[in-house]
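What the coordinates show
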Amino acid sequence: MRIETEPLLSIRNLRTIFDLDEGSVKAVDGVSFDVFPQRVLGIVGESGCGKSVTIKSILRLIEPPGKISEGEIWFHLENQKEGRSNRLDLAQLDSKGKKMRSIRGNEIALIPQEPMAAFSPVHTIGNQLIESVQLHQSLSKDQAFNIAVERLNEVGIPNPLEAMNRYSWELSGGLRQRAMIGMALTCNPSLLIADEPTTAIDVTTQAQVLNLIRDIQQKNQMAIIFITHDLGIIAQLADDVIVMYLGQVMEKGPVDEIFHNPLHPYSKALLKSIPGIKTKNRSKLPTIEGSIPHPFNRPKGCPFYQRCDDAIPGTCNQVPPNLFPVTEKQHVSCFKYHEKTDAL
Amino acid sequence: MPSENLKMPASSAWLAPERILEVQSLRKYFPIRKGFIKKTVGQVKSVDGINFHLDAGETLGLVGESGCGKTTTARCILRALKPSEGKIQFRKSDGSLTDVASLEEKEMRLLRTDMQMIFQDPFASLNPRMNILDLIGEPMLVNGLKNRKERTEKVADLLKMVGLRPEYMQRFPHAFSGGQRQRIVIARALSLNPRLIVADEPVSALDVSVQAQVLNLMLELQESLKLTYLFVAHDLSVVKHISDRIAVMYVGKIVESAPTNSLFNEPKHPYTAALLSAVPVADPRIRSKMTPLEGDVPSPASPPQGCHFHPRCPHASERCSMEEPKMEEVEPLHYVSCHHYQEIQLSGIE
Amino acid sequence: MNSESTNSSVEEVFQPAPMDSEKKMDSNKVPQEEPEAIEVAPNWKLVWWRFKKHRLAVISGWILIIIALIALFPDFFSTQNPHKSSAMKSFIPVQGIHFFHEQGIFPHAYQLKGKRNRTTLKMEWVANESRIIPLSFWVEGYDYKIFGLISSNIHFLGVSDPKSRKTFHLLGTDRLGRDQLSRLIHGTRVSLSIGLVAVFLSIFLGILLGGISGYYGGWADLIIQRLIEILQSLPPIPIWMALTASLPRDWTVEQTYFAITIILSLLGWTTLGREVRGRFLSMREEDFIMAAHLAGCSQMRIIFRHMLPTFTSHIIATSTLAIPVMIINETFLSFLGLGMRPPAISWGVLLQEAQNLQSIALAPWLLLPGLAVIITVLTLNILGDGLRDAADPYS
């Protein structure tokens with residue numbers, strides 16, 4: 001049973017829009033969810049669902065023509081010195097200001113999708129890790145060096161002392177990703193965000209990296225937000241899951257419920273349409289008809305209406321539904337489970 | 001179903017009538033050149049001596065991680081690359097055999113109508129400057145169908161066959177989503193009525209919910225048009241779904257090949273078992289403590305001596321580091337290349 | 001790897017999807033029948049639409065069209081025969097054109113009275129505002145032939161009374177009393193066309209040699225690349241000086257003209273050649289090229305139908321940016337007396353007149369051709385930038 005604790009991160013009604021020449025794109029359109037300490041939240045969805053833009057909004061990395069137009073991002077900060085904690089709305093902070101910068105990389109760390117692109121090719125790994133430490137803690141270069149070596153060791157890089165002098169392109173894909181994880185951990189963040197960290201690497205290397213993430217999560221007692229389109233990874237790693245589609249949350253709940261009792265038509269269809277290691281060989285997969293609508297052409301009402309087998313014309317295409325608790329643990333955004341009036 | 005022809009002969013000018021492709025000792029080496037005058041200092045042994053076969057109407061999955069040589073193999077079969085060594089016996093539509101590896105480019109052009117390719121990246125495999133009519137019609141045009149009206153009709157039929165509206169032929173690739181572009185690529189591949197289709201990661205670049213649509217389409221087309229597929233992929237679940245048999249490649253070699261269910265339930269090669277256990281299962285109730293394989297995939301430019309897999313293999317012995325294992329038949333159509341397959345117990349998926 | 005979910009920019013994530021879905025017809029869901037214009041638009045239309053958004057580039061385009069018109073019909077726009085000299089009319093300053101007069105609104109100029117300065121022996125001119133020379137548009141003037149074929153004597157602007165002996169010099173005259181406006185206009189034709197022709201030759205050489213280099217590779221590539229490197233490392237000015245100085249002095253204007261364009265393009269093709277080679281090399285690996293090969297296309301078809309069209313817009317953009325370079329090169333050579341020479345008229349030749357300090361001090365209007373160079377070069381650069389951004393928005 002889950003102990004009722006304060007969430008570490010609370011997103012309420014987040015909306016991020018991009019003002020392009022061709023029109024306004026609502027990349028994130030009213031997203032709310034919680035991340036609890038020491039638990040893994042998996043965000044699953046296809047292209048255009050807004051998962052990457054959501055985490056960029058959390059980290060306040062959205063640049064014009066994009067901006068957060070509405071919503072709150074409550075983050076729980078432990079103040080060691082004063083022995084108390086307080087909540088901060090990250091959406092209100094200046095994205096380039098000192099406060100946000102002291103949170104980014106320090107309290108909240110990011111593992112990006114392409115480790116090759118995330119490391120500077122002209123600085124050694126060691127340099128970059130030391131820089132990361134010294135940015136947030138007032139330590140001497142030697143002290144920072146030692147911390148960096150320790151981190152590389154923790155993430156399983158052989159010969160960490162030697163690795164400090166290597167450049168990112170000298171390492172293999174798996175080692176690079178480990179080094180990236182090491183860099184994210186330098187300041188002991190309370191929240192780690194992983195943006196599809198295994199999409200670019202081999203299956204056997206992916207298994208190593210996922211194992212590593214599981215281990216360090218236990219050891220460092222971090223909360224993790226894990227973004228991926230791979231349902232297998234979600235099943236193996238996540239405690240809680242949110243399913244996103246076209247900028248909105250369709251369903252959220254504990255991982256077991258989502259996989260064994262999906263309620264939203266999209267979640268159901270998605271799970272059925274993926275060939276798993278156990279699906280019958282050469283059988284026809286049930287598919288979701290059509291394709292993801294263009295965000296400039298958002299349909300009125302529920303974003304999934306056009307492809308939904310259970311759609312109710314007159315209701316589903318008029319107003320968008322809201323996340324509503326349906327079972328004890330699951331919230332679903334669908335008019336099958338609640339009245340139109342509840343959405344208001 | 002396959003005949004009783006269990007042993008693969010060393011060189012054959014005769015294949016069972018339903019055998020459409022037989023690859024023998026295929027090698028493709030790329031030279032590594034350095035210096036001002038580009039001296040050859042080494043070889044990347046992308047494909048290092050592989051054997052496999054394909055029977056008419058079946059799907060062979062070719063699976064492996066980066067650097068294993070599966071894409072190079074696919075390209076050699078179609079002669080987009082010239083093999084360094086080996087034979088690729090292909091049965092032509094008149095029943096006779098020909099060795100694709102040794103053909104001249106001119107002769108190869110005549111064979112192109114029999115074998116086609118589906119590519120991985122739907123955004124890169126369609127010329128953005130041509131409209132769909134021209135794209136799908138081009139293979140027919142360069143192979144003799146000059147009559148524009150006939151071509152247009154055929155293109156309309158092909159579009160309908162892949163589930164797109166014929167009016168779309170006026171449009172350009174940028175108007176379509178990834179899944180639709182892949183259908184267009186399939187339509188183009190079918191325009192010459194090929195018998196063999198080599199699919200190089202055809203669904204890897206697509207959204208998850210679209211993958212199912214394209215896989216279904218490929219299965220339907222295979223049935224109705226009696227196609228034979230060589231399906232190259234890195235995603236085991238996808239390969240399992242569509243293949244009759246699967247060959248697992250590692251650093252240029254085939255380490256195991258078997259009918260799909262046998263491979264998944266009773267793998268005989270440690271690499272296959274490791275690969276199977278590395279795939280995360282989409283069921284939170286089955287959370288195994290994954291003991292993943294150590295180390296990294298070696299580069300084909302400097303593969304380990306002996307059995308390429310031995311540095312990472314939990315069952316490796318001294319012999320493995322010195323001697324390359326030979327491919328042996330364990331059961332009908334189940335081949336494995338390992339010194340110790342008889343002694344070790346491996347688990348597949350339940 | 002899921003190429004649809006890269007997150008560098010929103011535009012890359014959201015590829016345009018069709019308006020209608022593949023779902024079976026439902027009376028509630030009406031798919032669109034007409035394709036949007038953007039979906040059936042070939043590439044050049046897309047480039048054109050993108051280009052139109054660049055206001056500055058579009059304005060530059062219009063300015064260049066005007067300049068080109070002037071260059072095509074120089075005699076029509078001139079007021080005087082550019083070769084006609086008159087010692088009595090030397091160094092007339094910018095006469096200017098006035099519109100407002102007590103008798104109404106019409107174009108006119110003030111009469112000038114000249115007096116020879118006893119000390120410097122130069123002519124000095126004073127405007128007499130009470131005596132005016134009426135001007136009109138579309139007047140009769142000196143005779144000329146359009147494109148050397150059709151005779152005419154109509155000019156855009158000139159003295160109203162064709163029989164009058166009075167002359168009008170909008171931009172003044174030079175040392176020999178020749179009308180600067182007319183000379184500037186005739187110079188435009190030569191300077192602009194040299195730039196164009198030199199660029200065309202460079203494109204031809206660049207595509208040919210760069211294409212061979214990139215497509216065939218091997219020894220051809222090696223030789224051509226080393227050639228490019230050698231040519232690029234040679235200092236251009238001494239080479240040009242040597243080449244033009246060796247042109248026979250008795251060549252006609254036309255012969256010198258062609259010789260100059262060839263000389264300029266001999267060194268100018270290398271940049272384009274390198275780019276074309278790079279494009280061919282990278283394009284060989286593209287999937288759609290392999291698909292064409294596997295469909296049975298011949299090499300020729302692959303080159304001309306698949307490879308070249310993909311970088312036509314790029315070539316057009318690069319060439320537009322190369323024209324001003326050629327113009328400046330020619331101007332510069334002629335200015336030094338090494339390119340076009342009198343009686344030919346180009347901006348460089350005109351600027352030769354302004355070479356000494358005395359002229360600049362006494363007749364600063366002789367520098368006006370420099371302004372023409374600046375305007376042309378600026379507009380060509382802005383236009384080229386706009387074209388390049390439109391052709392290749394993501395690079």
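Residues numbered from 1 in each chain as written. Chains lettered and ligands numbered in written order. Predicted model: local features only at pLDDT ≥ 70, side-chain atom pairs only at ≥ 80, totals over all residues.

**Focus on the overall build of chain A**
Helix and strand counts for chain A come out as eleven helices and twelve strands. Principal-axis analysis of the C-alpha atoms places the extent of chain A at approximately 65 × 50 × 50 Å. Counting only residues that meet the buried cut, chain A has 51% of its 344 residues in that class. (Helix = DSSP H or I, 4+ residues; strand = E, 2+ residues; numbered from the N terminus. Buried ≥ 20, exposed ≤ 12 C-beta atoms within 10 Å, placed from the backbone.)

**So, the overall build of chain C**
Broken down by element type, chain C carries 14 helices and four strands. By the compact-globule yardstick of 21 Å for 395 residues, chain C is too spread out, its C-alpha radius of gyration being 28 Å. Along the first, second and third principal axes, the C-alpha set of chain C runs to 90 × 65 × 40 Å. (Rg over C-alpha atoms; globule rule 2.2 N^0.38 Å.)

**Quick look at the domain arrangement of chain A**
With domains assigned, chain A is organised as domain 1 (118–186) and domain 2 (267–343). Spacing between the C-alpha centres of domain 1 of chain A and domain 2 of chain A amounts to 43 Å. (Domains from an automatic or database assignment.)

**Brief notes about the interface of chain B and chain A**
On the side of chain A, 37 residues touch chain B, which itself brings 39 residues to the contact. It is helix α6 (residues 208–225) of chain B that provides the largest number of residues to the side of chain B that touches chain A, a total of eight residues. In the side of chain B that touches chain A, the residues fall into 21 nonpolar, eleven polar and seven charged. (Contact = placed C-beta atoms within 7 Å. Nonpolar A, V, L, I, M, F, W, Y, C, P; charged D, E, K, R; others polar.)

**Topic: the pairing of strand β8 (residues 223–228) of chain A**
Residue and element names in this part refer to chain A. Extensive coverage of β8 is indicated by the burial of six of its six residues. Here β8 shows no split at all, with A223, I225 and I227 on one side and I224, F226 and T228 on the other all buried. Where strand β3 (residues 40–44) meets β8, five bridges bridge the pair, whose relative direction is parallel. Counterpart to V44 in the pairing with β8 is T228. Sheet analysis places strand β7 (residues 191–195) next to β8, joined by five bridges and oriented parallel. Looking at β8, one finds that L191 is bridged to A223. Taken together, β7, helix α8 (residues 203–220) and β8 constitute a β-α-β crossover, and its handedness is right-handed. (Pairing = 2+ DSSP bridges. Right-handed = clockwise from strand over helix to strand, strands pointing away.)

**Considering the domain arrangement of chain C**
Each assigned domain of chain C is listed with its residue range as follows: domain 1 (96–168) and domain 2 (182–391). Once you take the C-alpha centre of each, domain 1 of chain C and domain 2 of chain C turn out to be 39 Å apart.

**Side note on the sheet that holds β3 of chain A**
Pairing in this open sheet of eight strands is mixed, and the strands run β6-β7-β8-β3-β9-β10-β12-β11 (chain A) from one edge to the other. Strands at the two margins of the open sheet, each flanked by one partner only, are β6 (108–111) and β11 (324–325) of chain A.

**Quick notes on the environment of Y271 of chain B**
Residue and element names in this part refer to chain B. Considering the arrangement of structural elements, one finds Y271 in helix α9 (residues 270–278). With 26 C-beta atoms counted inside 10 Å, the residue Y271 sits in the buried group. Note: C-alpha distance between Y271 and T71 (200 residues apart in sequence) is 19 Å. Leaving out residues up to four positions away in the same chain, Y271 has contacts with V248, Y250, V255 and F309.

**Quick look at unusual backbone geometry**
That bond from P64 of chain A to P65 of chain A is cis: its omega, 10°, falls within 30 degrees of zero. A cis amide bond links P342 of chain C to the next residue, P343 of chain C, at an omega of 10°. Residue E201 of chain B is not a glycine yet carries a positive backbone phi of 50°. Structurally, E201 of chain B is set in the loop between β7 (196–200) and α6. Even without a glycine there, the phi angle at V251 of chain B is positive, about 45°. As for its placement among the helices and strands, V251 of chain B is situated in the loop between β9 (245–250) and β10 (253–259). When the 24 C-beta atoms within 10 Å are taken as the criterion, V251 of chain B is described as buried.

**Some thoughts on helix α3 (residues 55–72) of chain C**
Residues and elements named next belong to chain C. Over its 18 residues, α3 extends 26 Å from the first C-alpha to the last, a length consistent with the 26 Å expected when each residue adds 1.5 Å. By the burial criterion, the buried members of α3 are A57, S60, L64 and A71. Projected down its long axis, α3 shows its buried positions confined to an angular sector of 55°, all on one face. Turned more than 90 degrees away from the buried face of α3, the exposed residues are R55, W62, I65, I66 and L69. Looking at the buried residues of α3, the elements they touch are α2 (43–52), α4 (74–77), α5 (180–216) and α14 (368–391). (Expected span 1.5 Å × (residues − 1). Arc of directions from axis to C-beta.)

**As for the nonpolar core**
Core analysis: the biggest nonpolar cluster contains 251 residues, and L191 and I225 of chain A together with V198, L230, F231 and V248 of chain B have the highest contact counts within it. With five residues, the next largest nonpolar core counts F91, I92, A363 and L366 of chain C among its residues. (Core = buried A, V, L, I, M, F, W, Y, C linked by C-beta atoms within 7 Å.)

**Points about helix α1 (residues 70–77) of chain B**
Residue and element names in this part refer to chain B. Within α1, eight of the eight residues are buried, which leaves it mostly tucked inside the rest of the structure. Considered for burial, the residues of α1 that qualify are K70, T71, T72, T73, A74, R75, C76 and I77. R79 occupies a position one or two residues after α1 and carries a positive phi of about 60°.

**Quick notes on the interface of chain C and chain B**
On the side of chain B, 32 residues touch chain C, which itself brings 31 residues to the contact. Secondary structure elements with two or more residues in the side of chain C that touches chain B: α9 (287–295) and α10 (299–310) of chain C. No other element matches the eight residues that α9 of chain C contributes to the side of chain C that touches chain B. Here the side of chain C that touches chain B is built from residues that sort into 17 nonpolar, eight polar and six charged.

**Concerning the environment of F30 of chain B**
Residue and element names in this part refer to chain B. Mapped onto the elements of the fold, F30 is located in strand β1 (residues 19–34). C-alpha separation for the pair F30 and Q43, spaced 13 residues apart in sequence, amounts to 5.5 Å. Not counting residues within four places of it along the chain, the set of residues in contact with F30 comprises Q43, V44 and S46.

**Let's talk about the pairing of strand β4 (residues 85–91) of chain B**
Residue and element names in this part refer to chain B. Pairing of β1 with β4, which is carried by five bridges, proceeds in the antiparallel orientation. By the bridge assignment for β4, R27 is matched with E85. Sheet topology note: the β4/strand β5 (residues 97–99) ladder contains three bridges and is antiparallel. Its bridge partner being in β5, Q89 is matched across the sheet by D99. Linking two consecutive strands that pair antiparallel, namely β4 and β5, is a turn of five residues; a positive phi of about 100° is found at G95 within it.

**Some thoughts on the sheet that holds strand β3 (residues 123–146) of chain C**
All names here are of chain C. With antiparallel pairing, the four strands of this open sheet are ordered in space as β1-β2-β3-β4. Only two strands of the sheet have a single neighbouring strand rather than two, namely β1 (98–101) and β4 (150–159). Pairs of neighbouring strands in the sheet enclose a mean axial angle of 55°, with direction left out of account. Relative to β4, β3 is paired through eight bridges, and the arrangement is antiparallel. Paired with K145 across the bridge in β4 is S151. (Axes fitted to C-alpha atoms, helices over the stretch in contact; angles between N-to-C directions.)

**Focus: the packing of helix α3 (residues 132–142) of chain B against helix α4 (residues 148–161) of chain B**
All names here are of chain B. One way to put it is that α3 packs onto α4 with a least axis distance of 9 Å and a crossing angle of 115°. Between α3 and α4 lies a crossing whose hand is right-handed. When α3 is examined against α4, the residues L133, I136, G137, M140 and L141 are found in contact with a partner set consisting of R151, T152, K154, V155 and L158. Here the contact of α3 with α4 is composed, by residue class, of six nonpolar, two polar and two charged. (Left-handed = near helix turned anticlockwise from the far one by under 90°.)

**Digging into the packing of α5 of chain C against helix α11 (residues 312–335) of chain C**
Angle between the axes and distance between the axes are the two parameters that describe a pair of packed helices. Residues and elements named next belong to chain C. For the pair α5 and α11, the least separation of the axes is 8 Å and the interaxial angle reads 130°. On the basis of the axis angle, α5 is oblique to α11. The interaxial crossing formed by α5 with α11 has right-handed handedness. From α5, S191, I194, G195, L196, A198, V199, S202 and I203 reach across to α11, where they touch I315, S319, A322, I323, M326, I327, E330 and T331. Taken together, the residues of the contact of α5 with α11 sort by class into ten nonpolar, five polar and one charged. (Parallel < 35°, antiparallel > 145°, perpendicular 65-115°, else oblique.)

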